[in-house]
Amino acid sequence: MADRVTVIGWDGSPLTGAATAALSAATLVAGAAHHLALPEVPAHAERIRLGSIDLAARRIAGHRGSAVVLADGDPGFFGVVRNLRAPVHGLEVEVVPAVSSVAAAFARAGMPWEDARIVVAHPRTLRRAVNVCRAHHKVAVLTSPGAGPAELALLLEGVHRTFVVCEELGTAREQVSVVTSERAADHVWRDPNVVIVIGGGSEPQAAGAWIAGHDPGGPRGVRGWALPPEAYPADPRGASGEGESPGLRAAQLALLGPRTGDLLWDIGSGGGALAVEAARFGAAVLAVDSDPAACARTVAAARAFGVQVQVVEGRAPQVLERLPEPDVVRIGGGGVAVVTAVTERRPERIVTHASTRDEAEALGAALTGHGYAVRCSLLQSVELDTSAWSERERSVVFLLAAARSDLAP
């Protein structure tokens, strides 16, 4: 019975000496059709067309002889190695890697990629992959049938991006195309392919890069959350409300828990403070406000903090009908009508606030009536003038947090 398997990466270039030696001694070879057609595969070896990795692993474990698995690129990077190493199979795995398809794609594009986010898109995870493309300026997408460049482009409607589509890397049919996201949906693309999605922000300077994927400090190196109002563009009219206070914003962010792969709606976004801070957590953000001046302040705040926020000018609930599905929603105003419209889109979590108990009860009843478990807290914060230790400003607000009943603890 086999207790060891050699996994060989293939990127279209000649196999290394170690890979050739392992393959020539193989009595069982598993891989995709183009791998099994390689001339280096021994004629006498049993061949398995890879579909389910777990089924192939069981075949390998039961085989008497030397087993090899061929896989594209680096098989330890979103590849077969993790499945083959599962304890249930009892296999010792040796890896002979090749250049990963992501590294090859960026090389073809002539671009650095330590600042890129890398996601895998399947039909079941496509929406989350799209949200990462909304939120970040450079994303490599490892696609699959039904979740390719065209599907990405369709779900990115309204968000302009540039696609670098790398088809069949390492083969004679390799092709690299640069198109806008608007045009990518009109083309038929060959599998397998890698899509580099670019746009929506400036590329970090080389001197500032120290961590792959995403700098947790952000372009400005800002530390902390729930920043004071003066950290954001001021409203020239001097308007502010209880929905703008840092204390309430901190509580709302904690209850929503925005994260990479999520889409957050910020309805009644005001100056964009919560939208920007949610984007700093890695979430994709749609900021909605009916006030053109508020929308302009949100755009300015997002630019100042180097994050991606899509701003939609319009009045809720009407404008919500054409927005993509949210994961979490903050409602800054609009009453029961907006709350009801949001619940119909079934986000996981909703937060809103009210200035009176009667208003809080009405909002809570609307949330409960549409299948949400609701908690309500009375938040009071007092800002002191530390030069005289006297009260400068007081804020009192009812905070409502709602979780979809099928997901509530």
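Scope of this entry: the structure provided in the associated data block.

What counts and what doesn't
- Residues numbered from 1 in each chain as written.
- Predicted model: local features only at pLDDT ≥ 70, side-chain atom pairs only at ≥ 80, totals over all residues.
- Heavy atoms only, no water.
- Patch = residues over 30% accessible without salt bridge, like charges linked within 9 Å, V, L, I, M, F, W, Y side chains within 5 Å.
- Areas by Shrake-Rupley, 256 points an atom, 1.4 Å probe, with all protein chains shown as cover.
- Salt bridge = Lys/Arg side-chain N within 4 Å of Asp/Glu carboxyl O.
- Helix = DSSP H or I, 4+ residues; strand = E, 2+ residues; numbered from the N terminus.
- Buried < 20%, exposed > 50% of the residue type's maximum accessible area, 1.4 Å probe, protein only.
- Pairing = 2+ DSSP bridges.
- Axes fitted to C-alpha atoms, helices over the stretch in contact; angles between N-to-C directions.
- 1 Å grid on protein atoms, 1.4 Å probe; cavity = no way out; pocket = protein on both sides within 12 Å on 5 of 7 lines; lining within 4 Å.
- Points joined across faces, edges and corners; volume = space filled by probe spheres on them.
- Polar contact = N/O pair within 3.5 Å; in protein donor to acceptor, adjacent residues only side chain to side chain.
- Contact = heavy atoms within 4.5 Å.
- Core = buried A, V, L, I, M, F, W, Y, C linked by side-chain atoms within 4.5 Å.
- Phe/Tyr/Trp six-rings, centres within 6.5 Å; stacked < 30°, edge-to-face > 60°.
- Lys NZ or Arg CZ within 6 Å of the ring centre and 35° of its normal.

Another point: a nonpolar patch on the surface. A cluster of nonpolar side chains, namely Val-382, Leu-384 and Trp-389, defines an oily patch on the protein surface of about 320 Å² accessible area. By the secondary structure assignment, Leu-384 is in strand β16 (residues 372-385). Judged by relative accessible area, which is 39%, Leu-384 ranks as partly exposed.

Attention now moves to the sheet that holds strand β8 (residues 162-167). Ordered in space as β6-β7-β10-β8-β9, the five strands form an open sheet in which the pairing is mixed. Single-partner strands in this sheet number two, and they are β6 (117-120) and β9 (175-180). Geometrically, the sheet is characterised by an average inter-axis angle of 20° between neighbouring strands, direction not taken into account. Here β8 pairs with β9 via six bridges, running antiparallel. When the bridges of β9 are listed, Phe-163 appears paired with Val-179.

By rolling a water-sized probe across the atoms, one finds the places where empty space is left. Roughly 1400 Å³ of internal volume is contained in the largest pocket. Elements supplying a minimum of two residues to the lining of the largest pocket: α2 (33-36), β4 (67-72), α4 (81-84), α5 (101-109) and β10 (193-198).

A few words on the side chain of Thr-352. By the element assignment, Thr-352 lies in strand β15 (residues 349-354). Polar contacts involving the side chain of Thr-352 include one to the main-chain carbonyl oxygen of Ile-331, which spans 3.0 Å. When residues no more than four places from it in sequence are discounted, the contact partners of Thr-352 are Ile-331, Leu-363, Phe-398, Leu-399 and Leu-400.

What follows is about the nonpolar core. Generally speaking, soluble globular proteins have nonpolar side chains that are buried together. Counting residues in each nonpolar core, the largest one holds 27 residues, and the members touching the most others are Trp-265, Ile-267, Leu-320, Leu-323, Ile-331, Val-342 and Ile-350. Elements that contribute at least two residues to this core include exactly β11 (263-267), β12 (284-289), β14 (328-331), α12 (335-343), β15, α13 (357-369) and β17 (390-404). The residues contacting Ile-267, other than those within four sequence positions of it, are Val-288, Ala-316, Leu-320, Val-329, Arg-330, Ile-331, Gly-332, Gly-333, Val-338 and Val-342.

Turning next to the packing of aromatic side chains. Within this structure, the stated rule accounts for four aromatic pairs. Seen from the ring of Trp-225, Arg-280 lies directly overhead, with NZ or CZ sitting 4.1 Å from the centre.

This part takes up the pattern of salt bridges. What the rule picks out here adds up to 19 salt bridges. Residues Asp-327 and Arg-127 are paired through a salt bridge, measuring 2.5 Å at the closest nitrogen-oxygen approach. Placement of the pair is Asp-327 in the loop between β13 (310-313) and β14 and Arg-127 in helix α6 (residues 126-135), with a sequence separation of 200 residues. By relative accessible area, Asp-327 is classed as buried at 4%.

Take the sheet that holds strand β3 (residues 46-49) next. With respect to topology, five strands assemble into an open sheet ordered β3-β2-β4-β1-β5, the strand pairing being parallel. Edge positions in the sheet fall to β3 and β5 (92-96), since each of these pairs with one other strand and no more. Recorded for the sheet is a direction-independent mean angle of 20° between the axes of neighbouring strands. By the bridge criterion, six bridges tie strand β1 (residues 4-10) to β4 in an arrangement that is parallel. Across the sheet, Thr-6 pairs through a bridge with Val-68, a residue of β4. Running at roughly 130° to β1, helix α1 (residues 17-24) makes contact with β1, β2 (28-31), β4 and β5 of the sheet.

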